[in-house]
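Examination of the molecular architecture
Each chain is listed here by its residues.
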Amino acid sequence: MTLSIDREHTALLAMDFENDIVHENGAFKDLGFAQMVKQNDVLGKTARLLDAARGAGVKVIYASVKFRSGYPERPQNAGMFQAVVGANALVEGTWGSTIHEAVTPKEGEPVVSKRGISAFTGSDLAALLTTGGITTLLLTGVATNFVVEGTAREAVDRGYNVVIVGDCCASASQEVHDSALTSTLPFLTTISNSEEVLAALN
């Protein structure tokens, strides 16, 4: 079935493209995210998709995971958060918490700060979507099995239609990425790719 996008009521979310996560010199450079991002040209594909969305009048929203110095907002109740604290990563105001220059927001585009896995956690994303009359979300980001999956599940529970742009996402490995997109998510969302979405936006 050909993908159809209601431009007026759709938002493209660009999630967790911070340097610490996707840059080859970031704090998590040894975890595989940056390598998969580079191998699959995720930043290039996402940049093209962002430009197309802007040109089509689709709202672009960034979700950026970051914490205050000392991580007062985040209990270390999971290994991933313990790793963030241990690496002193994703601290507000640092290079590591800055969105990668290849996909940097344009002037006026909202950037919500999130404090957990889902883009809704600790952010004002829900308010932006409600005010904007958004009913469909196009999801891009790193990692597929963290922010993308977590946001997709919560968005579905909140009543949104969700489209995951698979080749604009990455994880620690191709296997982990593929697993996230082929297990439960196809029952909750539409799994697509940048070519399909670009065609729908033209």
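Attention here is on the structure that accompanies the text. In this text, all values refer to a predicted model and were calculated from it rather than measured experimentally.

With respect to the packing of aromatic side chains
Taken as a whole and assessed by the stated rule, the structure comprises two aromatic pairs. Aromatic side chains Phe67 and Tyr71 sit 5.7 Å apart centroid to centroid with 50° between the ring planes, which places their arrangement in the tilted category. Accessibility classification places Phe67 together with Tyr71 in one group, the buried group.

What to know about the sheet that holds strand β5 (residues 161-170)
On the basis of which strands lie adjacent, the open sheet formed by six strands has the order β3-β2-β1-β4-β5-β6 and parallel pairing. Each having just a single partner strand, β3 (111-114) and β6 (190-192) make up the two edges of the open sheet. Recorded for the sheet is a direction-independent mean angle of 25° between the axes of neighbouring strands. Of the pairings in the sheet, the one linking strand β1 (residues 10-15) to strand β4 (residues 136-142) comprises six bridges and is parallel in character. Residue pairing across strands places Thr10 opposite Thr136, the latter belonging to β4. Against the sheet, helix α7 (residues 174-182) touches β5 and β6, its axis set at about 170° to β5.

Observations regarding the side chain of Glu109
With respect to the secondary-structure elements, Glu109 resides in the loop between α4 (79-86) and β3. Note on Glu109: relative accessible area 16%, which makes it buried. For Glu109, the side chain forms a polar contact with the side chain of Arg54, separated by 2.6 Å. The residues contacting Glu109, other than those within four sequence positions of it, are Arg54, Val60 and Tyr62.

Quick notes on the pattern of salt bridges
Side chains bearing opposite charge may pair, as long as their charged atoms lie close to each other. The final tally for this structure, using the stated rule, is 10 salt bridges. Close ionic contact of Arg54 with Asp51 constitutes a salt bridge, the shortest N to O distance being 3.0 Å. Here the residue Arg54 and the residue Asp51 both occupy positions in helix α3 (residues 42-56), the gap between them amounting to three residues, near one helical turn. For Arg54, a relative accessible area of 22% corresponds to the partly exposed category. For Asp51, a relative accessible area of 46% gives the class partly exposed. Of the charged contacts, one joins Arg153 and Glu149 as a salt bridge, the two residues approaching to 2.9 Å between their closest N and O atoms. Taken together, the positions of Arg153 and Glu149, both in helix α6 (residues 144-157) and four residues apart, correspond to about one turn of that helix. Among the residues examined, Glu149 registers a relative accessible area of 15% and is labelled buried. Put simply, Arg68, Glu73, Glu92 and Arg115 are held in one network by salt bridges that share partners.

The rules behind these values
- Residues numbered from 1 in each chain as written.
- Predicted model: local features only at pLDDT ≥ 70, side-chain atom pairs only at ≥ 80, totals over all residues.
- Heavy atoms only, no water.
- Phe/Tyr/Trp six-rings, centres within 6.5 Å; stacked < 30°, edge-to-face > 60°.
- Buried < 20%, exposed > 50% of the residue type's maximum accessible area, 1.4 Å probe, protein only.
- Pairing = 2+ DSSP bridges.
- Helix = DSSP H or I, 4+ residues; strand = E, 2+ residues; numbered from the N terminus.
- Axes fitted to C-alpha atoms, helices over the stretch in contact; angles between N-to-C directions.
- Contact = heavy atoms within 4.5 Å.
- Polar contact = N/O pair within 3.5 Å; in protein donor to acceptor, adjacent residues only side chain to side chain.
- Salt bridge = Lys/Arg side-chain N within 4 Å of Asp/Glu carboxyl O.

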